[in-house]
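# Topology and contacts: notes
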Amino acid sequence: MNAVARFDRRKFLGVTFLFLLLAGTFAESIVHEDIKIVKNVPTTHKVIALTIDDGPHYKTTPELLDVLREKHVQVTLFVLGENVMRNPEIVAQAVADGHEIASHAYSHKNLTEMTAAQCGEELDKTEKIITTITAKPTLFRPPGGLYNENVLAEARKRGYTTILWSVDPHDWQRPSVDKVVSTVVQGISPGGIVLLHDGQYPLPTPEAVGIIIDQLRGAGYEIVPIGQLLQYYEVRGTGGGRS
């Protein structure tokens, strides 16, 4: 091999190395951006999370907690600050039962229509109320699942991971118990996040949840809070359940 060929080969290898280095850095930046929102967890393990929004409600939430206690299942409760103010003892009971308490903001208003400061105030008020009962929340779900960059930025400032969902039976619209169950059971897959509600009365949710738990367990699924589900990530990159 002559000197020119050796030089060209070294130059080629150098350029290739630089390209791979830059590509790796770019991919890493995508992964970093990819953690803004979690809709499901890419995993081959049959593990899912049930999440409950809008409570605590003085009637629906205790009924739901009774079912979960009987089934020995822990869930993630995305609570509204104003409802925690009204029913702090219910949140305290949920904590005692081992459930995970997360923020759903204060008043269920559309955060995307607020300024960053107003959105931050919604989050801060809720965190302050929650921390009188239990630990600082690390998870956040915007009311209605509505978000923009301001909402995500305010959540990140407070160390929150923003959680959405992969299965929604629209239980707040009060369909039949059978409809809620079939939508969840047919729509679930490993790493799934189920959206349910407890912010009004009556709802089919407490009865449906007991059946859902039995059927999912019968299909080999384990049910855990979001904080545990996040530990099952197996796929990282531009795909998967984060966006």
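Scoring rules and cut-offs
- Residues numbered from 1 in each chain as written.
- Predicted model: local features only at pLDDT ≥ 70, side-chain atom pairs only at ≥ 80, totals over all residues.
- Heavy atoms only, no water.
- Helix = DSSP H or I, 4+ residues; strand = E, 2+ residues; numbered from the N terminus.
- Buried < 20%, exposed > 50% of the residue type's maximum accessible area, 1.4 Å probe, protein only.
- Contact = heavy atoms within 4.5 Å.
- Salt bridge = Lys/Arg side-chain N within 4 Å of Asp/Glu carboxyl O.

## Remarks on the side chain of Thr60
With respect to the helices and strands, Thr60 occurs in helix 2 (residues 60-71). Its relative accessible area of 1% is what places Thr60 among the buried residues. Those residues in contact with Thr60 that sit more than four places away from it in its chain are Asp198, Gln200, Tyr201, Leu203 and Pro206.

## Concerning the pattern of salt bridges
Tallying each qualifying case throughout the model produces nine salt bridges. A salt bridge links Lys71 to Asp214; the nearest nitrogen and oxygen atoms lie 2.9 Å apart. With Lys71 in helix 2 and Asp214 in helix 8 (residues 205-218), this pair connects stretches of sequence that are 143 residues apart. A relative accessible area of 17% places Lys71 in the buried class. By relative accessible area, which is 41% here, Asp214 ends up partly exposed. Notably, a salt bridge pairs Arg156 with Glu149, separated by 2.6 Å at the nearest N-O pair. Each of Asp124, Glu154, Lys157 and Arg158 takes part in salt bridges that share partners, so that together they form one network.

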